[in-house]
Amino acid sequence: MYAQMVKTDSSRLKTLDEMSPEERAFQERIDRGEKIEPKEWMPEGYRKTLIRQVGQHAHSEIVGQLPEGNWITRAPTLERKAILLAKVQDEAGHGLYLYSAAETLGVSRDELLALLHSGKMKYSSIFNYPTLTWADIGAVGWLVDGAAIMNQVQLQKTSYGPYSRAMVRICKEESFHQRQGYDIMMKMAAGSDAQRAMAQDALNRFWYPSLMMFGPSDKDSVHSAQSMAWKIKINTNDELRQKFVDQTVPQAKYLGLTIPDPALAWNEDKGGHDFSEPDWTEFFDVLAGNGPCNKERLGARVKAWNDGAWVRDGLVAHAEKAAARRSGPVAAE
Ligand code: 3HC
């Protein structure tokens, strides 16, 4: 279903000696920790990799509104409704910063959206899972936003200036999102037996899909080596997944909930937890468009795009009239 926009072969990274003078100067800037800015020279592969990653990231933000937006009308109190509404609006804002960052690389938002709508560009696998109960909204904030921040805090150091700066603000807002999710889980876990059972059920269903958010294991990650050499990515998928597990285990313990992994155990030697890998067959199946909600999510985005056509037409007509008015007197002179 999905086409690759760029494929970098991690087993054949160029050495400095094999690079052209421009590529070498570029790599040396990256190695010195300099930020790359929009109008500066960059290898075509760097530009394409960024468009792929930033575009997918932007799509994840706006598709990510859907599973939570679905609960705004059903939030249990007015306060929870207001908080959830603010969070979902934040995600729309994150999408806008990221589409703007991608546009500085020479691709338009319309082009990126067309690639999303035709299934040629991905969004995060996690949003293809349903939110069945109010506890799921807690689990999404706690685990999904928690996993997103684990990645995004590092991405503040990414080498492309506009992406890195977008991440700074996004991370501040994501921390609030993670805390509101954990707060819901604290209330549910300290509630009635039925509420505790809902919280445990939400953790059971969201645990492995959250681990999948970090991408395939390092041995199967096609882009990591080149992306890390360019400092587009700062950590490998497995490094971040391990950090997330280590951070989340004590949080689950505090809630009195059990992580659904009998193999989970502290490993003194590595200074981290041993844990079971997600089911990678399921992951690749979700990426191929066969997750529980892929069709529904993409359908909702396409419908929103089509339903908004009259707004875009109106804006274009207004801009054309305004431009004609501005150029009118000059043309008459
Ligand atoms: N969901 C969907 N696709 C995924 C994926 C996931 N969880 N993890 C990996 N993939 C895809 C990759 O895009 C790539 O496919 P492609 O070649 O067609 O683009 C393929 O699987 C191989 O994976 P790699 O490890 O080689 O790919 P990357 O080097 O790009 O690493 C990544 C994957 C870690 C997700 C990286 O792209 C990244 O850090 N992206 C930026 C962060 C991001 O997109 N986060 C979305 C999370 S949700 C969010 O932020 C919303 C918030 O509100 C919760």
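Structure: above.
Here we summarise the structure given alongside this text. Along each chain, numbering runs from 1 in the same order as the chain's sequence is written. Given that this is a predicted model, residues contribute local features only at a pLDDT of at least 70 and side-chain atom pairs are listed and counted only at 80 or more, while totals for whole chains, interfaces and linings are drawn from all residues. Remark: hydrogens and water are excluded; side-chain values derive from all non-hydrogen atoms of the structure.

Examining the environment of Gly 95
Rules: A run of H or I in DSSP counts as a helix once it spans at least four residues, and a run of E counts as a strand once it spans at least two, with each numbered from the N terminus.
Tracing the sequence through the fold places Gly 95 in helix α4 (residues 78–103). Considering only alpha carbons, one finds Gly 95 and Ile 62, 33 residues apart in sequence, at a separation of 5.7 Å.

What to know about the packing of helix α7 (residues 161–189) against helix α10 (residues 237–255)
How we decide: A fitted line through C-alpha atoms represents every axis, and for helices the fit uses only the stretch in contact; the resulting angles, taken between N-to-C directions, go from 0 to 180 degrees. Pairs of residues are marked as contacts when any of their non-hydrogen atoms sit within 4.5 Å. Only Asp, Glu, Lys and Arg are considered charged, only Ala, Val, Leu, Ile, Met, Phe, Trp, Tyr, Cys and Pro nonpolar, and every remaining residue, Gly among them, polar.
At a minimum axis separation of 9 Å, α7 and α10 run at an interaxial angle of 35°. Contacts between α7 and α10 involve Gln 178, Tyr 182, Met 185, Met 186 and Ala 189 on the former and, on the latter, Gln 251, Tyr 254 and Leu 255. Across the contact of α7 with α10, the residue classes tally to six nonpolar, two polar and no charged.

Topic: a nonpolar patch on the surface
Our working definition: Here a patch means residues that are over 30% exposed by relative accessible area and free of salt bridges, tied together within 9 Å if like-charged and within 5 Å if nonpolar (Val, Leu, Ile, Met, Phe, Trp, Tyr). Each accessible area value is a Shrake-Rupley result obtained with a 1.4 Å probe; residue values ignore everything except the protein chains displayed when judging cover. The salt bridge definition used is simple: a Lys or Arg side-chain nitrogen within 4 Å of an Asp or Glu carboxyl oxygen.
On the surface, a cluster of nonpolar side chains totalling about 360 Å² of accessible area is made up of Trp 310, Val 311 and Leu 315. Relative to the helices and strands, Trp 310 resides in helix α13 (residues 309–332).

Quick notes on the packing of helix α8 (residues 193–212) against α10
Across the interface, α8 lies against α10 with an axial gap of 10 Å and an inter-helix angle of 150°. Contacts between α8 and α10 involve Trp 207, Ser 210 and Leu 211 from the former and Arg 241, Phe 244, Val 245 and Thr 248 from the latter. Taken together, the residues of the contact of α8 with α10 sort by class into four nonpolar, two polar and one charged.

What to know about the pattern of salt bridges
Condition: Each residue's exposure class comes from its accessible area (1.4 Å probe, protein chains only) as a fraction of the maximum for that residue type: buried when under 20%, exposed when over 50%, partly exposed otherwise.
Applying the stated criterion across every chain yields a total of 21 salt bridges. With a shortest N-O distance of 3.2 Å, Lys 87 and Asp 145 are connected by a salt bridge. Here the residue Lys 87 occupies a position in helix α4, and Asp 145 occupies one in helix α6 (residues 134–155), the gap between them amounting to 58 residues. As far as burial versus exposure is concerned, Lys 87 and Asp 145 are alike and both buried. Put simply, Arg 29, Arg 32, Glu 34 and Glu 40 are held in one network by salt bridges that share partners.

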